[in-house]
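Working through the structure, step by step
Here's the letter readout for the chains.
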Amino acid sequence: MDFNGYYKNCTLCPHECKADRTGEQRGFCGESDKIRIARAALHMWEEPCLSGKGKNNRGSGTVFFSGCTMRCCYCQNRKIASGRVGKEISVDRLIEIFYQLREKGAYNINLVTPDCFLPSVAYAVDDAKKRGFDLPFVFNISGYEKAQTLNLLNGLCDIYLTDFRYTEEKLSVKYSSARDYPNVAKKAIDEMISQQGECIFDENGILQRGVIVRLLLLPGHLKNTKNAVKYLFEKYGDKIIFSLMSQYTPNGKSGYDNLERRVFPSEYDALCDYADKLGIKNAYTQEGDSAKESFIPDFDFEGV
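All of the points below concern the structure found in this document. (Residues numbered from 1 in each chain as written. Predicted model: local features only at pLDDT ≥ 70, side-chain atom pairs only at ≥ 80, totals over all residues. Heavy atoms only, no water.)

**Quick word on the environment of Glu169**
- Inspection of the secondary structure puts Glu169 in helix 7 (residues 169-176).
- Taking the C-alpha atoms as reference points, Glu169 and Gly27, 142 residues apart in sequence, are found 23 Å from one another.
- Among residues more than four places away in sequence, those in contact with Glu169 are Arg179, Asp180 and Pro182. (Helix = DSSP H or I, 4+ residues; strand = E, 2+ residues; numbered from the N terminus. Contact = heavy atoms within 4.5 Å.)

**Regarding the pattern of salt bridges**
- Tallied over the entire structure, the rule returns 18 salt bridges.
- A salt bridge links Lys8 to Asp20, with the nearest nitrogen and oxygen atoms 3.7 Å apart. Taken as a pair, Lys8 in the loop between helix 1 (4-7) and strand 1 (36-43) and Asp20 in the loop between helix 1 and strand 1 lie far apart in primary sequence, twelve residues in all.
- Lys8 gets classed as partly exposed once you look at its relative accessible area, which sits at 48%.
- Linking Arg131 and Asp127 is a salt bridge whose minimum nitrogen-to-oxygen distance equals 2.7 Å.
- One network of salt bridges, with partners in common, ties together Arg39, Asp300 and Glu302. (Salt bridge = Lys/Arg side-chain N within 4 Å of Asp/Glu carboxyl O. Buried < 20%, exposed > 50% of the residue type's maximum accessible area, 1.4 Å probe, protein only.)

**Here's the deal with unusual backbone geometry**
- Located in the positive-phi region is Ser177, a residue other than glycine, with phi close to 50°.
- Structurally, Ser177 is set in the loop between helix 7 and helix 8 (181-196).
- Owing to a relative accessible area of 38%, Ser177 belongs among the partly exposed residues under this scheme.
- The residue Phe301 is not glycine, and still its phi comes out positive at about 70°.
- If you trace the backbone, Phe301 turns up in the segment after strand 10 (283-284).

**Quick look at the side chain of Asn108**
- Assignment of secondary structure puts Asn108 in the loop between helix 4 (91-103) and strand 4 (109-112).
- Here Ser60 takes part through its side chain, which lies 2.5 Å from a polar atom of the side chain of Asn108. (Polar contact = N/O pair within 3.5 Å; in protein donor to acceptor, adjacent residues only side chain to side chain.)

**Some details on the side chain of Glu191**
- Inspection of the secondary structure puts Glu191 in helix 8.
- The buried charged residue Glu191 lacks any salt bridge, with Arg209 as its nearest oppositely charged partner at 10 Å.
- Beyond its immediate chain neighbours, meaning those up to four positions away, Glu191 contacts Ala147, Leu150 and Asn151. (Lys, Arg positive; Asp, Glu negative; His and termini not counted.)

**Description of the packing of helix 8 against helix 9 (residues 222-236)**
- The geometry of helix 8 relative to helix 9 is characterised by a closest axis approach of 12 Å and an angle of 35° between their N-to-C directions. Note on packing geometry: the crossing formed by helix 8 with helix 9 is right-handed. Residues Lys186, Ile189, Asp190 and Ile193 of helix 8 form the contact with helix 9, whose participating residues are Tyr231, Leu232, Lys235 and Tyr236.
- For the contact of helix 8 with helix 9, the residue count by class is five nonpolar, no polar and three charged. (Axes fitted to C-alpha atoms, helices over the stretch in contact; angles between N-to-C directions. Left-handed = near helix turned anticlockwise from the far one by under 90°. Nonpolar A, V, L, I, M, F, W, Y, C, P; charged D, E, K, R; others polar.)

Now the structure itself:
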């Protein structure tokens, strides 16, 4: 696969910065054409259908990639999203990591924010599948992806784990420097659904194919998240799995007063009640103290 055709005049993400990432330039994402990752290890805190639960919590085999196409002021993975942390690896090394995570007992291979390197990652996944690799591949992404770019994953991605963060563009620009996020995300999710169809689980309740949409409730923005839930349910019904998230944690760097607090329990309860009244059945919710837990691993190059 000729990667240069994608990275030479880069338009992979909605920013379409047209940087020549094969040379000295870096894209809006902050990355060249060389894959960089910060961690490859089992992660026990994904949705139960990915990590397992109870005595069956074996974990999701996560690979955390450097760089990001968004600039969220409340980012919890700032070290890798900004590109400050990451080790360059080859496509062949990435494939080796897939097998190592399988040996550790992972239910799946969970590729976290691989957007900046999607052509290279797609090649790695394709090569692994041709060798007979038998775990599902999860593409854990922001929702801010071009549908045309996601088409590279048709037949390769087994599970999309995506955010749908904003229904109001003024919020996506203000908080994440992501213009036209609502329209971009809607088209991206359409593409994901067209590729995956209905959710398929194994006998242990572990997802093998499908789409999970995460909806992170931001403090003071209940209306925005309710609108996202309503849109998704009216369009896709129970074809998708909803993941209603209360874990927002202030990072002290947002610069916005409302984002310097956690979500009030009353806000999250109102969101869950709203989803219930709509008739949503396929949904995960979080416990009230989830924001106090650490879902963020150390980016210490484990498994790299």
